[in-house]
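A look at the structure
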Amino acid sequence: MAVDQGGAQSLSAKVRSDLVRRIRAGEFPVGAKIPSLRALAEHYGVAELTAHAAVKEMQHAGVLESAAGRGTFVRALPDDAPEDLRRIVARLQGEVAELRERVEAVEAVEAKR
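The following paragraphs examine the structure supplied in this document. Just so it is clear, the structure is predicted and the values come from calculations on it, not from any experiment.

Quick look at the pairing of strand β2 (residues 71-74) now. By the bridge criterion, four bridges tie strand β1 (residues 64-67) to β2 in an arrangement that is antiparallel. What sits directly across from Ser 66, in β2, is Thr 72. Taking the residues between adjacent antiparallel strands as the criterion, β1 and β2 are bridged by three residues, where Gly 69 takes a positive phi near 80°.

Structure below.
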């Protein structure tokens, strides 16, 4: 299914949008391996560099994860959360990590007693 070469949206954005659609539809569930860059480029009728750009954006978003020599896998479902919600979640994750470190430090002191 070649992407429409026209329109204002970049080709990599069109590839990314369709990959997101396919992931949400369950074609590529979490943990599944997606096709190679070459196969994606052929499927969408775009250059490998264009497919690579789409995959890279999805990796940065935490949706895809590459494993050297193994391929690229779906790591999580695409997120439609607004950016401010993402910042809140990231801040909370940092606070939880800090609290975990504090608890471990207190437990270590208690274990020495």
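Here the narrative resumes, following the displayed structure.
Turning our eyes to something else, we now look at helix α1 (residues 11-24). Along its 14 residues, α1 runs 20 Å from first to last C-alpha, staying within 8% of the 20 Å computed at 1.5 Å per residue. Looking at the buried residues of α1, the elements they touch are α2 (37-44), α3 (48-60), β1 and β2. Just beyond α1, the residue with positive phi is Gly 26, at close to 90°.

As a further point, take the side chain of Thr 50. The residue Thr 50 is located in helix α3 in this model. According to the relative accessible area criterion, Thr 50 is buried, its value standing at 19%. In contact with Thr 50, other than residues within four places in its own chain, are Leu 11 and Ser 12.

The next point concerns the packing of α1 against α3. If you want to describe how two helices pack, look at the angle between their axes and the distance between the axes. Closest axis-to-axis distance for the α1/α3 pair is 8 Å, and the angle between their directions is 55°. As far as their axial angle goes, α3 and α1 are oblique. When the axes of α1 and α3 are compared, the crossing they make is right-handed. The residues of α3 that touch α1, namely those facing Leu 11, Ser 12, Val 15, Arg 16, Leu 19, Val 20 and Ile 23, are Thr 50, Ala 53, Ala 54, Val 55, Glu 57 and Met 58. Residue composition of the contact of α1 with α3, by class: nine nonpolar, two polar and two charged.

Taken as a whole and judged by the stated rule, the model has seven salt bridges. One salt bridge connects Asp 18 with Arg 21, and the closest N-O pair in it is separated by 2.8 Å. You can see Asp 18 and its partner Arg 21 sitting in helix α1, three residues apart, about one turn around the helix. The exposure class of Arg 21 is partly exposed, given its relative accessible area of 44%.

Turning our eyes to something else, we now look at the nonpolar core. With 17 residues, the main nonpolar core has Leu 19, Ile 23, Ile 34, Leu 40, Met 58 and Leu 64 as its most contacted residues. Mapped by element, the contributors of at least two residues to this core are α1, α2 and α3. Those residues in contact with Leu 64, other than ones at most four positions away along the chain, are Ile 23, Ile 34, Val 55, Met 58, Gln 59, Thr 72, Phe 73, Val 74 and Arg 75.

Before going further, it helps to examine the environment of Ala 61. Its place among the elements puts Ala 61 in the loop between α3 and β1. Of the residues examined, Ala 61 reaches a relative accessible area of 58% and is grouped as exposed. The sequence separation of Ala 61 and Pro 78 amounts to 17 residues, and the corresponding C-alpha distance is 8.0 Å.

Time to look at the packing of α1 against α2. In contact at an axis separation of 12 Å, α1 and α2 are set at 105° when each is read in the N-to-C sense. Of the possible angle classes, the one that applies to α1 and α2 is roughly perpendicular. Two secondary-structure elements touch here, α1 through Val 15, Asp 18, Leu 19 and Arg 22 and α2 through Leu 40, His 43 and Tyr 44. Grouping the amino acids of the contact of α1 with α2 by side-chain chemistry returns four nonpolar, one polar and two charged.

Scoring rules and cut-offs
- Residues numbered from 1 in each chain as written.
- Predicted model: local features only at pLDDT ≥ 70, side-chain atom pairs only at ≥ 80, totals over all residues.
- Heavy atoms only, no water.
- Pairing = 2+ DSSP bridges.
- Helix = DSSP H or I, 4+ residues; strand = E, 2+ residues; numbered from the N terminus.
- Expected span 1.5 Å × (residues − 1).
- Contact = heavy atoms within 4.5 Å.
- Buried < 20%, exposed > 50% of the residue type's maximum accessible area, 1.4 Å probe, protein only.
- Axes fitted to C-alpha atoms, helices over the stretch in contact; angles between N-to-C directions.
- Parallel < 35°, antiparallel > 145°, perpendicular 65-115°, else oblique.
- Left-handed = near helix turned anticlockwise from the far one by under 90°.
- Nonpolar A, V, L, I, M, F, W, Y, C, P; charged D, E, K, R; others polar.
- Salt bridge = Lys/Arg side-chain N within 4 Å of Asp/Glu carboxyl O.
- Core = buried A, V, L, I, M, F, W, Y, C linked by side-chain atoms within 4.5 Å.

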